Every structure is written in C-alpha cells, then in structure tokens.
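Structural overview
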Amino acid sequence: AQTVTQSQPEMSVQEAETVTLSCTYDTSENNNYLFWYKQPPSRQMILVIRQEAYKQQNATENRFSVNFQKAAKSFSLKISDSQLGDTAMYFCAFVLYNFNKFYFGSGTKLNVKP
Amino acid sequence: EPEVTQTPSHQVTQMGQEVILRCVPISNHLYFYWYRQILGQKVEFLVSFYNNEISEKSEIFDDQFSVERPDGSNFTLKIRSTKLEDSAMYFCASSPESYNEQFFGPGTRLTVL
C-alpha cells in the first residue's frame, strides 16, 4: 500500500521567518515523483514544488526548497522568508511512475503571523 | 495561461438525485482525474482517465460513479444516486503526462441534503 504521512496538522510562523513542513511516504516502488501543493482559503490547489525521486539534488523554487531523504522516504518543505500569502493548507503528494494516481497526505495548515 | 475550469462552482441536490459535475481540462493534456475532499479532510483520489477509458480508480469510485469525455473537451463525473456522504469538494485535474504535475480546477462544492 502507498501512504503519505504529514505529522503536523497545524503550524505557525512569524512573517519573514523560516518554517519546515514534514512529510514521509511509504512505497515499495523506486520510481516516483514527489510534490507539494498549496491550498489557500480559495481552495484552489496550486503546485509549489516538484521533485523527481531519482534525482539526488534537492529541488528549489524561489523561497521554497525541499529536503529529500530517499532512504528515509522523507520529503520536507522549507519556506524561507515566510509571507502572509503563504497562509494555506499544504499537501504532500507522490505519484508512481507507471501508475496514473496521486497519493496525498492529510495536510498541514500553515498560519503566517504578521 | 491555460487553466482547468469546473462548473458549477456549487451544486446543491437532494439525496437520491443524479448529479453531473463538469470539467474542461487544459486542451493539450492527455490525462484527466477526479478527486474529492470532504471538508477538513485530505484530498482523495477517485479516478484517472486516459485514451477514453479509466486507467485507475479507487475503492471510493463504486458503481454510483461514472466518468465520460463526451466531446473531446469536457470531462464529466456523474453520481447516479447521491448520498449524504457524497457532500464534498470535487476537484478535476489534468496532466500532459501520467507522472507529471497535475493542474487542478477550482473545484465544485457538492452539498447533498
């Protein structure tokens, strides 16, 4: 079975500070792709960052970066210089290479405080 | 920038009624998906669709559900006889490749009374 675990239901961070959201996944497959999606109050799901599991280098997208630990099956998201607009639910997800299906975690609600 | 659209944004229906949720995926995408999110819970995969047929479906996607791509642009989810527990936000998504980023629509909130 494929599972995604986000152990932090809710987190808070002060504006301009750094926060890390954790995610672990469980699959016996080696070929997969990992994603972080953001869901603001408008409820639209927006891609934040993507990581190919076969790549050693951690993905970075402006203020967002991941710490991908393949052996530990850990895929955490670091948000630097947090902004009020980062307030949202964040979902970790992965897809297996030959399977047409995303697995989502339960989400972490991030509150950025002024 | 192309985007996935969904209609209606909110649908209210009586238990036992049929509903059809509509989606227009991004035009050059080949893979289409439906997800649901019960309020306060995680996003759950329902079904994926490629080459005019279902490629994957979850245990949630039982005989009450069906999907169709009737005209080459729309992608619909039909629930034949709605139950109270079908109340949720339903998201459509599309992707150019099966393992790549999925682009989500804004969702349809379904309320079953």
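Quick look at the structure, then. (Residues numbered from 1 in each chain as written. Chains lettered and ligands numbered in written order. Predicted model: local features only at pLDDT ≥ 70, side-chain atom pairs only at ≥ 80, totals over all residues. Heavy atoms only, no water.)

1. What to know about the interface of chain A and chain B
- Each partner contributes to the interface: chain A provides 20 residues, whereas chain B provides 23 residues.
- Both sides of the chain A and chain B interface together cover about 2,000 Å² of buried area, and 55% of this is carbon and sulfur.
- Inspection of the chain A/chain B interface yields zero salt bridges.
- In this assembly, chain A and chain B are joined by four residue pairs in polar contact (both at pLDDT 80 or more).
- Elements with a minimum of two residues in the side of chain A that touches chain B: β5 (32–39), β6 (46–52), β10 (88–96) and β11 (102–104) of chain A.
- When residues of the side of chain A that touches chain B are assigned to their parent elements, the largest contribution, four residues, is made by β5(A).
- The class makeup of the residues in the side of chain A that touches chain B is twelve nonpolar, five polar and three charged. (Contact = heavy atoms within 4.5 Å. Buried area = accessible area lost by both parts, 1.4 Å probe. Salt bridge = Lys/Arg side-chain N within 4 Å of Asp/Glu carboxyl O. Polar contact = N/O pair within 3.5 Å; in protein donor to acceptor, adjacent residues only side chain to side chain. Helix = DSSP H or I, 4+ residues; strand = E, 2+ residues; numbered from the N terminus. Nonpolar A, V, L, I, M, F, W, Y, C, P; charged D, E, K, R; others polar.)

2. Quick look at the nonpolar core
- In terms of nonpolar packing, the biggest core is built from 27 residues, with W36(A), L77(A), Y90(A) and L110(A) touching the most fellow members.
- Elements with a minimum of two residues in this core: β2 (10–14), β3 (19–21), β5, β6, β8 (64–69), β9 (74–79), β10 and β12 (108–113) of chain A.
- With five residues, the single largest contributor to this core is β10(A).
- Excluding residues that lie within four positions of it along the chain, L110(A) makes contacts with M11(A), V13(A), V19(A), I79(A), D86(A), T87(A), A88(A) and Y90(A).
- Judged by nonpolar contacts, the second largest core, of 22 residues, contains I26(B), L46(B), F61(B) and A88(B). (Core = buried A, V, L, I, M, F, W, Y, C linked by side-chain atoms within 4.5 Å. Buried < 20%, exposed > 50% of the residue type's maximum accessible area, 1.4 Å probe, protein only.)

3. Section: the pairing of β10(A)
All names here are of chain A.
- Burial analysis of β10 places eight of its nine residues in the buried class, the great majority of the element.
- Sheet analysis places β5 next to β10, joined by eight bridges and oriented antiparallel. Across the sheet, residue Y37 finds its bridge partner in β10, namely F91.
- For β10 and β11, the ladder comprises three bridges, and the chain directions are antiparallel. (Pairing = 2+ DSSP bridges.)

4. Section: the packing of aromatic side chains
- The full count for this structure, using the stated rule, is 23 aromatic pairs over all chains.
- Here the aromatic rings of Y37(A) and F102(A) are separated by 6.2 Å at their centres, their planes lie at 65°, and the arrangement is edge-to-face. Within this pair, whereas Y37(A) is found in strand β5, its partner F102(A) is found in strand β11, the two being separated by 65 residues in sequence.
- We classify Y37(A) as buried; its relative accessible area is 1%.
- Taking the relative accessible area as the measure of exposure, F102(A) reaches 1% and is therefore buried.
- Ring pairs connect the aromatic residues F35(A), Y37(A), F91(A), F102(A), F104(A), Y33(B), Y35(B), F45(B), F91(B) and F104(B), which therefore count as one cluster. (Phe/Tyr/Trp six-rings, centres within 6.5 Å; stacked < 30°, edge-to-face > 60°.)

5. Points about the side chain of Q37(B)
- In this structure, Q37(B) sits in strand β4 (residues 31–37).
- Those residues in contact with Q37(B) that sit more than four places away from it in its chain are Q39(A), R43(A), F91(A), K42(B), V43(B), A88(B), M89(B) and F91(B).

6. With respect to the sheet that holds strand β1 (residues 5–7) of chain B
All names here are of chain B.
- Pairing is antiparallel in the open sheet, where four strands are placed in the order β1-β3-β8-β7. Every other strand in the sheet has two partners, leaving β1 and β7 (65–68) as the edge strands with one partner each. Strand-to-strand, the axes of this sheet are offset by a mean angle of 20°, without reference to chain direction.
- Where β1 and strand β3 (residues 19–24) come together, three bridges link them in antiparallel fashion. Across the sheet, residue T7 finds its bridge partner in β3, namely R22. (Axes fitted to C-alpha atoms, helices over the stretch in contact; angles between N-to-C directions.)

7. Overview of the pairing of β7(B)
- Summarising the sheet, β7(B) and strand β8 (residues 75–79) of chain B pair through four bridges and their orientation is antiparallel. Counterpart to F65(B) in the pairing with β8(B) is I79(B).

8. Quick look at the environment of N74(B)
Residues and elements named next belong to chain B.
- Inspection of the secondary structure puts N74 in the loop between β7 and β8.
- Between the C-alpha atom of N74 and that of Q6, which follows or precedes it by 68 residues, the distance is 9.5 Å.
- Ignoring anything within four residues of it in the chain, the contact list for N74 reads C23, V24, E68 and R69.
- Within the structure, the side chain of N74 is placed 2.7 Å from the side chain of D71, a separation counted as a polar contact.

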